[in-house]
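Here is what each chain is made of, one letter per residue.
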Amino acid sequence: MEKDFVKVWDSCLKVIQDNINLQSFKTWFEPIKPLKLENDVLTIQVPSQFFYEWLEEHYITLLKKTIKKELGNEGRLEYSIVVDNTLSKSPVTIKVPTKNSKDLKNPPISLPVNINEDNTIRNPFIIPGLKKVEVHSQLNPIYSFDNFVEGDCNRLARAAGLAIASNPGGTSFNPLFIYSKVGLGKTHLGHAIGIKIKNNFPNKTVVYVETNKFVQQYVDATRNGHHNDFIHFYQMLDTLILDDIHFLSGKEGTQNIFFDVFNHLHRSGKQIVLTSDKPPVEMQNIEQRLLSRFKWGLAADLQSPDLETRIAIFEKKIYNEGIEIPHDVIEYLATSITANIREIEGALISLIAQSTLNKKAINLALAKQVLDVCVKKSAREINIDYIQKVVCEYFNVPPEMIGSKTRKREVVQARQIAMYFSKNFTKLSLAMIGLHCGNKDHATVLHACRTVNNLMETDRQFKSYIEEIEKKIRN
Ligand code: ADP
Ligand code: MG
């Protein structure tokens, strides 16, 4: 009797889940639907060609093992790829998140400090004249941990942030120094830590401040003779999150003040979180004594997200917007936008806006149109024709031979190398690359890529050819 295909696939999923990380599992396995099981062939439905190729490229060994375990040696797996051209869902309504909303669950806290004759100290965040010191944390609830997608790119920083949030000032991560290039989540993570601390410890005073604002407050305070208020305000906090600390560069006065604040807080077991565009060792025009303090705790960086994380980020944002976007559009966006998460958001917002304003369905065509305008193109787009041209020139093979059936050694090699570069430099699927290189199937392309990679590892001469060709292609 045939086994129940749903049960079989469920057992497979259990094995798979134990072998890969949660995020990969969610990205690549949760969307799969089991379809049928006939004569030991399990058919699963995957959302797209791209999806199928990704599984074949990255998870084939695991899949094979799992199928064998569940179905025995005769067991096989077949894919059914969803080809869906009927994506004309009705346009969605736009719901732009209110990023400036400042209200957190916890109201601002009044601090019992008596500094001036009129029993107040001046709060640098508020316009002079206010009577009581109200510490508003300046945190933006949108930037929570719930909205911060975990990936290899941010695992350490995120984990450290969570550790701090459950024990602010009490871990060895003090200061926590988070650094990265722009748009990779420093500000988001800084807020997330603050928000979580406030949730865990409502009575703690937490302040988030951008370094530029901090500098300006200091300048104003000094000019108006409120220098002491400024210092006292910051020294009485339980957690200080100072964003973009590299802007202290060259600002000696503020550096001195911050040195005092830092020492006071650190000595009192208060938590300090700093973000920067560089690690402490590479920062310039910052006093040595400050730099050395930045190294007291943990410095953790945020990297560019990998494809899986980008897809997860897209999915999270889409979910938060309460809209639906076809899987192929998400794939297209996530493979096209690679550098920076801010660009991901920009593209998504443009896409939603275009769809709403022009009453168009969100589909691949619209996504391509939007990306053309909103994502910076690299200097020159490297396309498959150009790659073939460079490779053929290099090996002195007539370009039309690539598309021919010939199996002559030098043509086969040129074809394989062209396939390899097309895979690395373009966003084409393996199937598409195969089609352009002599009407081969995706497995041939995959094989070509592996062959080139293997040769590069074992044959130095070959490696140097590839490196030279790569230079020419990039030029
Ligand atoms: P940075 O301060 O490093 O320039 P931001 O924190 O401003 O970067 O991040 C840019 C945008 O990307 C923000 O809107 C943020 O919400 C989003 N973002 C960054 N990292 C993540 C993540 N891991 N998950 C979800 N969104 C993220
Ligand atoms: Mg920032």
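Every value quoted in this text rests on a predicted model; they were computed, and no experiment measured them. (Residues numbered from 1 in each chain as written. Chains lettered and ligands numbered in written order. Predicted model: local features only at pLDDT ≥ 70, side-chain atom pairs only at ≥ 80, totals over all residues. Heavy atoms only, no water.)

Student: Any chance you could explain the overall build of the protein here in plain terms?
Tutor: If you tally the helices and strands in the protein, you get 19 helices and 10 strands. Residue burial in the protein is summarised as follows: out of 475 residues, 47% are buried. When the accessible surface of the protein is summed, it comes to about 24600 Å², and 50% of that surface belongs to carbon and sulfur atoms. (Helix = DSSP H or I, 4+ residues; strand = E, 2+ residues; numbered from the N terminus. Buried < 20%, exposed > 50% of the residue type's maximum accessible area, 1.4 Å probe, protein only. Areas by Shrake-Rupley, 256 points an atom, 1.4 Å probe, with all protein chains shown as cover.)

Student: How should I be thinking about the environment of Glu38 in this particular structure?
Tutor: Secondary-structure assignment places Glu38 in strand β1 (residues 33-38). Along the backbone, Glu38 and Lys3 are 35 residues apart, and their C-alpha atoms lie at a distance of 9.0 Å.

Student: Sorry, what's going on with the side chain of Gln416 here?
Tutor: Along the polypeptide, Gln416 turns up in helix α16 (residues 409-425). You can call Gln416 buried: its relative accessible area is 18%. Residues within four places of Gln416 in sequence aside, it is in contact with His447, Ala448, Thr451 and Val452. (Contact = heavy atoms within 4.5 Å.)

Student: Is there a simple way to think about the confidence of the model for the protein in this case?
Tutor: For residues with low pLDDT, the predicted coordinates do not support detailed interpretation. Overall, the prediction assigns the protein a mean pLDDT of 84, with 87% of residues at 70 or greater. When the elements of the protein are averaged for pLDDT, strand β4 (residues 109-110) gives the smallest value, 38, and strand β9 (residues 271-276) the largest, 98. Within the model, pLDDT remains below 50 along residues 84-120, and this stretch shows 80 contacts once partners closer than five positions in the same chain are excluded. This stretch, residues 127-132, has a pLDDT under 50; its non-local contacts, to residues over four places away or in other chains, come to 4 contacts. (pLDDT = per-residue confidence, 0-100.)

Student: What is the right way to look at the site of ligand 1 in this model?
Tutor: Taken together, 20 residues surround ligand 1, and among them Val149, Gly183, His188, Arg342 and Glu345 come closest. In this structure, Asn154 approaches ligand 1 through a side-chain N or O atom, which is 3.4 Å from a nitrogen atom. Within the contact set of ligand 1, an oxygen atom lies 3.0 Å away from a backbone nitrogen or oxygen of Gly185. With the chains in place, 96% of the 560 Å² that ligand 1 exposes on its own is no longer accessible. Elements with a contribution of two residues or more to the shell around ligand 1: α6 (186-200), α11 (307-321) and α13 (341-357). Here the shell around ligand 1 is built from residues that sort into 7 nonpolar, 7 polar and 6 charged. Taken domain by domain, the shell around ligand 1 gets at least three of its residues from each of domain 2 (145-301) and domain 3 (307-378). (Near = heavy atom within 4 Å. Polar contact = N/O pair within 3.5 Å; in protein donor to acceptor, adjacent residues only side chain to side chain. Nonpolar A, V, L, I, M, F, W, Y, C, P; charged D, E, K, R; others polar. Domains from an automatic or database assignment.)

Student: Any chance you could explain the nonpolar core here in plain terms?
Tutor: Trp9, Phe29 and Leu55 are the most contacted members of the largest nonpolar core, which totals 50 residues. A domain-level breakdown of this core finds at least three residues from each of domain 1 (5-110) and domain 3 (307-378). If you look at the next biggest cluster of nonpolar residues, it comprises 32 residues, including Phe233, Met236, Leu248 and Phe258. (Core = buried A, V, L, I, M, F, W, Y, C linked by side-chain atoms within 4.5 Å.)

Student: Is there a simple way to think about the packing of α11 against α13 in this case?
Tutor: Running from N to C, α11 and α13 cross one another at 40°; their axes reach a closest spacing of 11 Å. Judged by the inter-axis angle, α11 sits oblique to α13. Between α11 and α13 lies a crossing whose hand is right-handed. Here Arg310, Ile313, Phe314, Lys317, Ile318 and Glu321 of α11 come into contact with α13, specifically with Ile341, Ile344, Glu345, Leu348 and Ile352. Partitioning the contact of α11 with α13 into residue classes produces 7 nonpolar, no polar and 4 charged. (Axes fitted to C-alpha atoms, helices over the stretch in contact; angles between N-to-C directions. Parallel < 35°, antiparallel > 145°, perpendicular 65-115°, else oblique. Left-handed = near helix turned anticlockwise from the far one by under 90°.)

Student: I tried to follow the packing of aromatic side chains on my own but got confused; where do I start?
Tutor: Aromatic ring pairs are reported here in terms of the distance separating the ring centres and the angle at which the planes meet. This model, assessed by the stated rule, comprises 19 aromatic pairs. Considering the side-chain rings of Phe177 and Tyr179, the 6.3 Å spacing of their centres and the 50° angle between planes classify their relative orientation as tilted. Given a relative accessible area of 0%, Phe177 falls into the buried group. An aromatic cluster is defined as three or more aromatic residues linked by ring pairs; in this entry it consists of Phe214, Tyr218, Phe230, Phe233, Tyr234, Phe258, Phe262 and Trp296. The ring of Phe201 carries Lys204 above its face, with NZ or CZ at 5.5 Å from the centroid. (Phe/Tyr/Trp six-rings, centres within 6.5 Å; stacked < 30°, edge-to-face > 60°. Lys NZ or Arg CZ within 6 Å of the ring centre and 35° of its normal.)

Student: How should a nonpolar patch on the surface be read in this particular structure?
Tutor: A contiguous nonpolar patch, built from Leu428, Met432 and Leu435 and spanning about 250 Å² of accessible area, is present on the exposed surface. Position of Leu428 relative to the elements: it lies in the loop between α16 and α17 (430-436). Residue Leu428 is classed as partly exposed on the basis of its relative accessible area of 32%. (Patch = residues over 30% accessible without salt bridge, like charges linked within 9 Å, V, L, I, M, F, W, Y side chains within 5 Å. Salt bridge = Lys/Arg side-chain N within 4 Å of Asp/Glu carboxyl O.)

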